[in-house]
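Descriptive structure summary
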Amino acid sequence: MLEAPATDLVHALKYEGYRDLAEPMGAALARLDTTPVSAERTAATEEIVVPVPTTTHRLRMRGYNQAELLARRVAAARGLDLVPAVVRRGEGPSQTSLTPDERRRNVQGAFAAAVEAERLVRGAHAILVDDVLTTGATAGEAAVVLAELGAARVTLLAFARALPAAPRKAA
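First, a word on scope: everything that follows refers to the structure included in this document. (Residues numbered from 1 in each chain as written. Predicted model: local features only at pLDDT ≥ 70, side-chain atom pairs only at ≥ 80, totals over all residues. Heavy atoms only, no water.)

Section: the overall build of the chain
Looking only at helices and strands, one finds 7 helices and 6 strands in the chain. Walking the chain from its N terminus toward its C terminus, one meets helices and strands in the order α-α-β-α-α-β-β-α-β-α-β-α-β. Burial status across the chain gives 40% buried among its 171 residues. Here the chain has roughly 9700 Å² of accessible surface; of this, 54% comes from carbon and sulfur atoms. (Helix = DSSP H or I, 4+ residues; strand = E, 2+ residues; numbered from the N terminus. Buried < 20%, exposed > 50% of the residue type's maximum accessible area, 1.4 Å probe, protein only. Areas by Shrake-Rupley, 256 points an atom, 1.4 Å probe, with all protein chains shown as cover.)

Observations concerning the nonpolar core
Formed by 23 residues in total, the largest nonpolar core has its most connected members in Val50, Ala85 and Leu146. Ranked by residue count, the leading element in this core is helix α7 (residues 137–148), at 5 residues. (Core = buried A, V, L, I, M, F, W, Y, C linked by side-chain atoms within 4.5 Å.)

Re helix α4 (residues 66–78)
Here α4 contains 13 residues, and its C-alpha end-to-end distance of 19 Å stays within 8% of the 18 Å for a straight helix at 1.5 Å per residue. Two residues or fewer past α4, glycine 79 is found with a positive phi of approximately 70°. (Expected span 1.5 Å × (residues − 1).)

Brief notes about the sheet that holds strand β1 (residues 47–51)
With parallel pairing, 4 strands are arranged side by side in an open sheet as β2-β1-β5-β6. Strand pairing shows two members of the sheet lacking a second neighbour, β2 (81–82) and β6 (153–161), which therefore form its edges. As paired elements, β1 and strand β5 (residues 125–133) share 5 bridges and run parallel to each other. Bridge assignment links glutamate 47 to a residue of β5, and that residue is histidine 125. Packed on one face of the sheet, helix α2 (residues 22–30) meets β5 and β6 and runs near 135° to β6. (Pairing = 2+ DSSP bridges. Contact = heavy atoms within 4.5 Å. Axes fitted to C-alpha atoms, helices over the stretch in contact; angles between N-to-C directions.)

Points about the environment of arginine 161
For arginine 161, the position within the fold is in strand β6. When the C-alpha positions of arginine 161 and alanine 6 are compared, they lie 9.0 Å apart, and in sequence the two are 155 residues distant. Within the structure, the side chain of arginine 161 is placed 3.5 Å from the backbone oxygen of leucine 133, a separation counted as a polar contact. Among the polar contacts made by the side chain of arginine 161, one reaches the main-chain carbonyl oxygen of threonine 134 at a distance of 2.3 Å. (Polar contact = N/O pair within 3.5 Å; in protein donor to acceptor, adjacent residues only side chain to side chain.)

Looking at the pattern of salt bridges
For the structure on display, the rule yields 5 salt bridges. Residues glutamate 68 and arginine 72 are paired through a salt bridge, measuring 2.7 Å at the closest nitrogen-oxygen approach. Of this pair, glutamate 68 and arginine 72 are both found in helix α4, 4 residues apart, which corresponds to roughly one turn of the helix. Residue classification places glutamate 68 among the partly exposed positions, given a relative accessible area of 25%. On the basis of relative accessibility, which here comes to 43%, the residue arginine 72 falls in the partly exposed class. A salt bridge links arginine 122 to glutamate 118; its shortest N-O distance comes to 2.4 Å. On the accessibility criterion, arginine 122 (49% relative accessible area) is partly exposed. Taking the relative accessible area as the measure of exposure, glutamate 118 reaches 40% and is therefore partly exposed. (Salt bridge = Lys/Arg side-chain N within 4 Å of Asp/Glu carboxyl O.)

Everything listed is a geometric property; what it means functionally is a separate question.
Take a look at the structure:
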């Protein structure tokens, strides 16, 4: 479960139309270190920022993709290109009420490469940006597409991490 104020910020950005919150949230993401952990993983020379795509229905309903707003701020702060290299196939139900296994099934094969994305992604370090990491299913599926496009490395930046609720103790 997210803890306030992260919960409040994500909810306001995602569901209440407070687009301006993407500025401080994206700035916080831009300050995170994305350098490789080991020398063997330094093959990528160029860095790009890739937003996790949303469904067409949610884009119409909200008027924006909150992950893209965050990604734009990260790209601007770091002087990098924003590359919408991954697109969403179909609609699928909201992930919010699904179990971890249902989430994985829900996003399996949900993403595809955008037109002409390969030339922008091949050999690059793709910084994948999302608002919340819950099970990692969405990020994992998007990362698969980036790897298939030839990304040398994929790093996820998420504003918040939703932790599973603690098991209840027997009374």
